[in-house]
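Descriptive structure summary
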Amino acid sequence: MAFSRAMFLALGLLGVLCVGVLAELQPVVVQSSNPNGGNGLNPSGGRCEEITIPMCKGIGYNLTQMPNEMNHDTQDEAGLEVHQFWPLVEIKCSSDLKFFLCSMYTPICIEDYYKVK
């Protein structure tokens with residue numbers, strides 16, 4: 001399996017997270033900024049979907065979109081790979097590790113989010 005640039009970045013940041021350098025992350029509440037109601041689409045035109053990966057449920061957001069930065073087309077595919085890191089999450093080498101991994105493998109998707117120009 002060839003490692004992508006994003007994978008190298010993710011693995012490098014894992015080292016930083018496991019020594020506890022990053023500040024504690026807090027869940028963020030984001031409201032739709034589309035004044036005309038919504039069509040359920042995000043900026044890239046894809047549909048948001050409920051997170052189904054067990055490790056990533058309840059991390060502060062509940063919607064994601066595939067493909068992710070690791071080029072996984074489905075959550076099943078992403079889930080198989082992210083669960084390789086479960087032993088590190090279990091030993092609690094960093095309180096931010098689980099959120100970091102899930103944000104890479106199940107990136108947040110905000111329905112009806114539009115950038116104001």
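Structure shown above.
Report follows, based on the coordinates.

The rules we used
Residues numbered from 1 in each chain as written. Predicted model: local features only at pLDDT ≥ 70, side-chain atom pairs only at ≥ 80, totals over all residues. Heavy atoms only, no water. Helix = DSSP H or I, 4+ residues; strand = E, 2+ residues; numbered from the N terminus. Buried < 20%, exposed > 50% of the residue type's maximum accessible area, 1.4 Å probe, protein only. Contact = heavy atoms within 4.5 Å. Disulfide = S-S within 2.5 Å.

A few words now on the overall build of the chain. If you tally the helices and strands in the chain, you get 4 helices and 2 strands. Mapped in sequence order, the helices and strands of the chain form the string α-β-β-α-α-α. Going through the 117 residues of the chain one by one, you find that 35% of them count as buried. Intrachain contacts of the chain at a sequence separation of at least 6 include 69% that bridge at least 24 residues.

This part covers the state of the cysteines. Scanning all chains against the criterion turns up 2 disulfides. Disulfide partner of Cys48: Cys109, at an S-S distance of 2.0 Å. Between Cys48 and Cys109, the S-S dihedral sits near -75 degrees, and the bridge is therefore left-handed. Note that Cys48 is positioned in the loop between helix H1 (5-18) and strand S1 (49-50) and Cys109 in the segment after helix H4 (97-105), a separation of 61 residues in sequence. For the residue pair Cys48 and Cys109, the accessibility class agrees, reading buried in each case. What pairs with Cys56 in a disulfide is Cys102, and their sulfur atoms sit 2.1 Å apart. Every disulfide takes its handedness from the sign of the S-S torsion; for Cys56 and Cys102 that torsion is -85 degrees, giving left-handed. Separated by 46 residues along the polypeptide, Cys56 in the loop between S1 and strand S2 (63-64) and Cys102 in helix H4 bring together distant segments of the chain. By relative accessible area, which is 0% here, Cys56 ends up buried.

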